[in-house]
Number of protein chains: 2
Amino acid sequence: MPPVISARTLAQSLSAHMGETISLQGWVHHTRHLSAVDFLLLRDRSGVCQIVVELPEQRSLLATLPHESVVTVTGNVVANRQAPGGVEVHAPVIAPMVVPASDPPFELYRPALDVHLPTRLDHAAVSLRHPQAIAAQRLTAAAMRGFRETLDSYGFTEIQTPKLLETAPEGGANVFRVDYFGRDAFLAQSPQLYKQIMVGALERVYEVAPAFRAEPHDTSRHVSQYLSLDAELGFIADHQDVMAVLRDVIAGMIAAMHMVDAPGVVLPEVPAVIPQIHFRDALVLVGAPEDESDLAPEHERALGEWALQEHGSAWCFVTGYPMKKRPFYTHPQPSDPTWSNSFDLLCMGLEITTGGQRLHRYEDYLAAITAREMDPAPFAGYLEAFRTGMPPHGGFAIGLERMIKQIVGASNVREVMLFPRDMHRLAP
Amino acid sequence: MPPVISARTLAQSLSAHMGETISLQGWVHHTRHLSAVDFLLLRDRSGVCQIVVELPEQRSLLATLPHESVVTVTGNVVANRQAPGGVEVHAPVIAPMVVPASDPPFELYRPALDVHLPTRLDHAAVSLRHPQAIAAQRLTAAAMRGFRETLDSYGFTEIQTPKLLETAPEGGANVFRVDYFGRDAFLAQSPQLYKQIMVGALERVYEVAPAFRAEPHDTSRHVSQYLSLDAELGFIADHQDVMAVLRDVIAGMIAAMHMVDAPGVVLPEVPAVIPQIHFRDALVLVGAPEDESDLAPEHERALGEWALQEHGSAWCFVTGYPMKKRPFYTHPQPSDPTWSNSFDLLCMGLEITTGGQRLHRYEDYLAAITAREMDPAPFAGYLEAFRTGMPPHGGFAIGLERMIKQIVGASNVREVMLFPRDMHRLAP
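A. Up close: the overall build of chain A. When you go through chain A residue by residue, the secondary structure sums to 11 helices and 16 strands. With respect to the principal axes defined by its C-alpha atoms, chain A has extents near 85 × 55 × 40 Å. The buried share of chain A, reckoned over its 428 residues, is 50%. Taking contacts inside chain A between residues at least 6 apart in sequence as the whole, the part at least 24 apart equals 64%.

Printed below as a string of structure tokens:
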């Protein structure tokens, strides 16, 4: 139990104190002034509760408090079927702790924030107090917890890898350059090479950390810093083993999110087996030319429709992406090396996860690096893992903000992020 | 239960399969060749087990396998009081999966790695497979889990904040500069300002994330990227409430670390109340001049001795650091504003955590920024949180690698990190 503020009752716990005198602390979320009585809606970390203010001097005091004033309220807990949660506080004594000079720039008590996205982001310190933003953040936190708890129970170990790199290994495009004590360093776009190295030590690893991409596209799903939920595991047969783990991880994340009070959010069920389609067949299904090497956003949406119509699933795997579009460490499909043992996971028609089986033999890495005319020198510390004996392995990376965006039905990842970064935005 | 590799038994689970034929997968950790029999020590993610090889063709095969070969071994589980764990595998059939060209550069089977630190770090892909390195990483993972679980149970919400900043707010020293689409950005040294903003929305927040410091000091405890375990909470009386939460968090971390098999590591107990000493008194105790404004490493060590001798505690708080040495958001000590409502937590004589109460009134921030002759403009998005009503609050940041270093008795933080970064090291 929390060691501090023992005398404080939370808004959501009022019903456990019926008939008692309690003390609340929180923010003035809203006030409604009627002729004979005022209502104060008090917000704390647990939610919002209603306080009925009748005494003239308390009503006068309340009239001086702008929205978001910080107050202590002492009063009596009374049942009232009309009040939110069936309970309210009567005969309050309001003690202001911090009184802002004026109302905030938006009406945080409205069911939805009626403010354009750039304004909302400019005033993040205020807009993030809106209950919808709070719910999105709680869902994000629950998703991280579900990710970790599922993998912990499967024998994975959490790792934290370097974000400052000597070279920009995976192609070098869209990488941020850092002045590192007078020489160049680069921000990691993913923990890929490090999580693979760690399979040699711990077999099953995961990381929850920021990833950085100097993304020149101004879209609703690309930002410069995103939260990457990475996992990698050894001793697999092929990518299907990785997909089976990912299915359980997604189910664990959704289960954790069910514990969050997020009005209006319908969490998509995760089927015991997520439907899958090979890239080659996906092109036919969406009517794309057979020489396409990737799926366009409209193709992903069409596959989302297919999964929903044919399988009743919000989720679907696309497997076998062409080798030529996948990174050098990708394991080819043994039956036809045009294709790869890789996959994407779509959530309601948007790619939220990429993964696959990786090469694991040292000589296969040397051949892949040579075939792509890459310089092997910067990979020395990585290749040493394979020269020292690495099992067949694979993994995945979940882009968490994209998943939350899909689940809450936002139109832009920025709506569910705390302080997004993009080409045009580096503050607050 | 794990969905994959159901036919596989882990080294540490052998005793549950006494008398059965099982299949193991892992690395050749070591082999011992006697005249009549060979011993194969197999390592997997659960630990090491012993396999007795008697058949001539299996012995010939084993002789061709370098250390760290990846193998499947099928055999019979037999009790043997002399074997590690009281159990071993007989009549094995060894199937090599991946055979390295040669032995690795170090002898990973030795109880301790007898290799100089720079060589160890250069060959991290190998040295991190040593059981001591694995134990350090498992302790680190357990510490993170204990941190999160304790704070989750206290009503905190996990957040993830930006690492790319428009300005270098906290003084600007030792900050890495990033080329951000042609303009300057800076890597975050801490989530301080963001976690405070989020107190306005969620009241109690925490973050586990990398922090970056362009640290020009070449010491055993400074690196360029470290893991910062941050927490911040609202509605406190003062810094003593924060210290009470921190005490429970540290206890939760140590409790989680007790679940890790880490031979030779003695986890320090956390007393119900961690002893504390005011900075002013600490100077007297260690015999430092009374006008010193910070504690030198030898002073911290002396305070560690004091806590152990006088209170039997590996932990001690130093409170009240001089305001002039603390950041602008620091709350002064009400009885004497020379001092602050701040603290450091020492673990066996090394500072591993800094924290305190923060200012919470808008006008106090304006005054503090003016008094320090700072430009308020870059803080606009931060100050908006205080202009909108913020409760009294405070928090702390744990430097996790320092804590793990102290606990395992390492002489350098780099010994317990995966891929450390410093002035001279940016790879692997």
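B. Structural view of helix α10 (residues 380-387) of chain A. The buried count for α10(A) comes to six of eight residues, which makes it a mostly enclosed element. Among the residues of α10(A), A:Y382, A:L383, A:E384, A:A385, A:F386 and A:R387 are the ones counted as buried. Turning to α10(A), the residues buried within the fold contact α5 (192-202) and α9 (362-371) of chain A together with α3 (124-127) of chain B. A:G389 sits one or two positions beyond α10(A) and adopts a positive phi of about 100 degrees.

C. Representation of the packing of helix α4 (residues 131-153) of chain B against helix α6 (residues 239-257) of chain B. All names here are of chain B. It is the contact of α4 with α6, at a shortest axis distance of 7 Å, that shows an interaxial angle of 135 degrees. Looking at the two axes, α4 sits oblique to α6. Of the two elements, α4 crosses α6, and the hand of that crossing is right-handed. Here α4 contributes L139, A142, A143, R145, G146, F147, E149, T150 and L151 to the contact with α6, which in turn contributes D248, V249, G252, M253, A255, A256 and M257. Looking at the contact of α4 with α6 residue by residue, the classes come out as 10 nonpolar, three polar and three charged.

D. Focus on the interface of chain B and chain A. Counting residues at the interface gives 84 residues for chain B, matched by 85 residues for chain A. Residue contributions to the side of chain B that touches chain A peak at six residues, all from α4(B). For the side of chain B that touches chain A, the per-class residue count stands at 50 nonpolar, 15 polar and 19 charged. Sheet analysis places strand β8 (residues 177-180) of chain A next to strand β8 (residues 177-180) of chain B, joined by three bridges and oriented antiparallel. Bridge pairing links A:V178 to B:V178 in β8(B).

E. Quick look at the environment of B:A136. All names here are of chain B. Looking at where A136 falls in the secondary structure, it is placed in helix α4. The class of A136 is buried, set by 25 C-beta atoms lying within 10 Å. Here the alpha-carbon distance between A136 and E401, two residues 265 residues apart in the chain, equals 9.8 Å. Excluding anything up to four places from it in sequence, A136 contacts I404, V408 and V416.

F. Molecular detail of the confidence of the model for chain A. On average, chain A scores 95 in pLDDT, and the residues at 70 or more come to 98%. In this model, residues 1-6 of chain A is a region of pLDDT below 50 whose contacts with residues beyond four sequence positions or in other chains number 10 contacts.

G. Local environment of the sheet that holds strand β9 (residues 183-187) of chain B. Ordered in space as β7(A)-β9(A)-β8(A)-β8(B)-β9(B)-β7(B), the six strands form an open sheet in which the pairing is antiparallel. Lying at the two open borders of the sheet, with one neighbouring strand each, are β7 (164-165) of chain A together with β7 (164-165) of chain B.

H. A look at the pairing of strand β13 (residues 315-319) of chain B. All names here are of chain B. Along β13, five of the five residues are buried, which leaves the element largely enclosed by surrounding structure. Burial of the side chains of β13 extends over both faces: W315, F317 and T319 are buried on one face and C316 and V318 on the other. Here strand β12 (residues 276-278) pairs with β13 via three bridges, running parallel. Within β13, the position partnered with H278 by the bridge is T319. Inspection of the sheet shows β13 paired to strand β14 (residues 342-347) by five bridges, in the antiparallel sense. Bridge pairing in β14 links V318 to D344.

I. Broad picture of the relation of the copies chain B and chain A. For the pair chain B and chain A, the relating rotation is 180 degrees, the translation along its axis is 0.0 Å, and the fit reaches an RMSD of 0.0 Å. Read as a symmetry element, the transformation amounts to a two-fold axis. Proximity to the rotation axis, assessed at the C-alpha, singles out B:V178 in chain B; its C-alpha lies 2.2 Å from the axis. Both copies contact each other with a shared surface, as 100% of the interface residues of chain B are interface residues in chain A too.

J. Just the packing of helix α7 (residues 279-286) of chain A against helix α8 (residues 297-311) of chain A, in detail. Residue and element names in this part refer to chain A. Where α7 contacts α8, the axes come no closer than 10 Å and their chain directions differ by 90 degrees. When the interaxial angle is binned, α7 and α8 end up roughly perpendicular. The residues of α8 that touch α7, namely those facing A282, L285 and V286, are H299, A302, L303 and W306. A class-by-class count of the residues in the contact of α7 with α8 yields six nonpolar, one polar and no charged.

K. Here's a closer look at the sheet that holds strand β12 (residues 276-278) of chain A. Residues and elements named next belong to chain A. If you trace the eight strands from one edge of the open sheet to the other, you get β6-β10-β11-β16-β15-β14-β13-β12, paired in mixed fashion. The sheet terminates laterally at β6 (157-158) and β12, the two strands that pair on one side only. Running over the sheet, helix α6 (residues 239-257) touches β11 (225-234), β13 (315-319), β14 (342-347), β15 (350-358) and β16 (393-399) and is turned about 140 degrees from β15.

L. How the structure looks around the nonpolar core. Counting 235 residues, the largest nonpolar core has A:A143, A:W315, A:V318, B:A143 and B:V318 as its most contacted members. Those residues within four positions of A:W315 in sequence are excluded, and the remaining contacts are A:I250, A:V270, A:I274, A:A307, A:L345, A:L346 and A:C347.

M. Local environment of the domain arrangement of chain A. Taken domain by domain, chain A consists of domain 1 (11-103) and domain 2 (125-416). A separation of 46 Å is found between the C-alpha centroids of domain 1 of chain A and domain 2 of chain A.

N. Inspection of the pairing of β8(A) at higher detail. All names here are of chain A. Across four bridges, β8 lies against strand β9 (residues 183-187) in antiparallel orientation. Looking at β9, one finds that D179 is bridged to D184. Taking the residues between adjacent antiparallel strands as the criterion, β8 and β9 are bridged by two residues, where F181 takes a positive phi near 50 degrees.

O. Highlighting unusual backbone geometry. With an omega of -5 degrees, the peptide bond running from A:A427 to A:P428 counts as cis. Among the structural elements, A:P428 can be located in the segment after α11 (400-408).

P. Structural context of the environment of B:T72. All names here are of chain B. By the element assignment, T72 lies in strand β4 (residues 70-79). The sequence separation of T72 and L24 amounts to 48 residues, and the corresponding C-alpha distance is 5.6 Å. Every residue in contact with T72, bar those within four places of it in the chain, is listed here: S23, Q25, A95 and M97.

Q. Structural detail: the environment of B:V199. Residues and elements named next belong to chain B. By the secondary structure assignment, V199 is in helix α5 (residues 192-202). Expressed as a C-alpha distance, the spacing of V199 and G320, which sit 121 residues apart in the sequence, is 23 Å. If near-sequence neighbours (up to four positions away) are discounted, V199 is found in contact with V205, E232, L233, G234, M390 and H393.

Rules of the game
Residues numbered from 1 in each chain as written. Chains lettered and ligands numbered in written order. Predicted model: local features only at pLDDT ≥ 70, side-chain atom pairs only at ≥ 80, totals over all residues. Helix = DSSP H or I, 4+ residues; strand = E, 2+ residues; numbered from the N terminus. Buried ≥ 20, exposed ≤ 12 C-beta atoms within 10 Å, placed from the backbone. Contact = placed C-beta atoms within 7 Å. Axes fitted to C-alpha atoms, helices over the stretch in contact; angles between N-to-C directions. Parallel < 35°, antiparallel > 145°, perpendicular 65-115°, else oblique. Left-handed = near helix turned anticlockwise from the far one by under 90°. Nonpolar A, V, L, I, M, F, W, Y, C, P; charged D, E, K, R; others polar. Pairing = 2+ DSSP bridges. pLDDT = per-residue confidence, 0-100. Least-squares fit on C-alpha atoms with pLDDT ≥ 70 in both. Core = buried A, V, L, I, M, F, W, Y, C linked by C-beta atoms within 7 Å. Domains from an automatic or database assignment.

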